[in-house]
Each structure stands twice: as C-alpha cells, then as structure tokens.
Amino acid sequence: MIGQLQHLAPMIFEVPSSDGSLFVCSENFVLKFLHHSLGWSLQRATHAGRKIPANADNVMHKAFLCMAHVIKQYDITTPVLIVNGDQTQVVLSPGSGMTYAECGSSQVSIVGAEDKRAFTAFINILADGTLLPFQAIYQGQTS
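This report concerns the structure included in the present document. These numbers were taken from a predicted model, which means no experiment stands behind them.

1. Quick look at a nonpolar patch on the surface
At step 1: On the surface, a nonpolar cluster with roughly 430 Å² of combined accessible area is contributed by Met 1, Phe 29, Phe 33, Leu 38 and Trp 40.
At step 2: With three residues, the top contributor of residues to the nonpolar patch is helix 2 (residues 27-38).
At step 3: With respect to the element layout, Leu 38 can be found in helix 2.
At step 4: Under the relative-accessibility criterion, Leu 38 is labelled partly exposed at 44%.

2. Section: the sheet that holds strand 4 (residues 118-126)
At step 1: Strand order in this open sheet of three strands is 2-4-5, and the pairing throughout is antiparallel. Looking at the sheet topology across the chains shown, the edges are occupied by strand 2 (83-91) and strand 5 (135-137). This sheet shows a mean twist of 25 degrees between the axes of neighbouring strands, independent of strand direction.
At step 2: Relative to strand 5, strand 4 runs antiparallel, the two sharing three bridges. Each residue of the ladder has a partner; that of Phe 122, found in strand 5, is Gln 135.

3. Re helix 2
At step 1: Compared with an ideal rise of 1.5 Å per residue, which puts twelve residues at 16 Å, helix 2 spans 16 Å between its outermost C-alpha atoms and is within 8% of the ideal.
At step 2: Just downstream of helix 2, Gly 39 is the residue with a positive phi angle, here 75 degrees.

4. Examining the packing of aromatic side chains
At step 1: Counting across every chain of the model gives four aromatic pairs.
At step 2: With a centroid separation of 6.5 Å and 20 degrees between ring planes, the pair formed by Phe 29 and Phe 33 is classed as stacked. Residue Phe 29 and its partner Phe 33 are located together in helix 2, separated by four residues, close to a single helical turn.
At step 3: When its relative accessible area of 33% is taken as the criterion, Phe 29 is described as partly exposed.
At step 4: Three or more aromatic residues joined by ring pairs form one cluster here, namely Phe 13, Phe 23, Phe 29 and Phe 33.

Conventions we followed
Residues numbered from 1 in each chain as written. Predicted model: local features only at pLDDT ≥ 70, side-chain atom pairs only at ≥ 80, totals over all residues. Heavy atoms only, no water. Patch = residues over 30% accessible without salt bridge, like charges linked within 9 Å, V, L, I, M, F, W, Y side chains within 5 Å. Areas by Shrake-Rupley, 256 points an atom, 1.4 Å probe, with all protein chains shown as cover. Salt bridge = Lys/Arg side-chain N within 4 Å of Asp/Glu carboxyl O. Helix = DSSP H or I, 4+ residues; strand = E, 2+ residues; numbered from the N terminus. Buried < 20%, exposed > 50% of the residue type's maximum accessible area, 1.4 Å probe, protein only. Pairing = 2+ DSSP bridges. Axes fitted to C-alpha atoms, helices over the stretch in contact; angles between N-to-C directions. Expected span 1.5 Å × (residues − 1). Phe/Tyr/Trp six-rings, centres within 6.5 Å; stacked < 30°, edge-to-face > 60°.

Right under this line is the structure:
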C-alpha cells in the first residue's frame, strides 16, 4: 500500500495535516481502509493443526534412557562429544495461512496453499552450548 501511495500520491507523506502531523500508513490505517472500503477482514485459513502424539512423554523417556546408556557405555565425559540435532522444513516464500476475504466468511480458500517450495535445515548443538553450522538439504520434486 505504501508503494502505491508513493507512486500515485507522493505528496501525502510530505504535506502536514491541519494539526502539523505527517501521514503515517500504519497497520491500523491499512486494516480500517480494507475493512471500510473493500469489506475485507483478515481471516485465517480453515485447516487442522498438528498435534503432540499421545505417547510423547514415553518417547522422550526412552530417548533419555538411550542417551544415558550410550554416555555410560562409551564413557563420554566431554560435552563436545554429545550432539543434539534436529531437522525442520524451511518453506521458501511461506504463506501466513491468512488472506483477505469478505467479512463474516466461514470458509476461506487459499490458492497454492498445498504447493511447497522448501528445503530441510539440519541444526546441531553441542552439550557445551556450541552451535554447529547449519546444514541445508535440498532434493528434487516429491510425488
């Protein structure tokens, strides 16, 4: 919106109003404009979220016991030999899962919501707090 205003009416940012203040294209201004001029409001896409597995406590307990066993068996006493790693999907140009739709809409569709352009980031940290360089894992298209 700021880009359009700067292109179509650049003086709006330069000419003070009657009270001497300059126009600010605030988030509140944009929300009010979209609501009153277009009848739009910010809507969340309708889909279910991910849930924590019912046996999460059991899985974490088993992981702890496995790690304790390995530390004891191999006599690991230096924290730099203990690495915790995790991977996460990094979506390129992620959508927020939100879009503008008519006020009061009960079902909101987002075109391309199922399309993914992503890679896997693998993050590791040592037990002494040292963060290792991230690894990025790319692969071709999935079926």
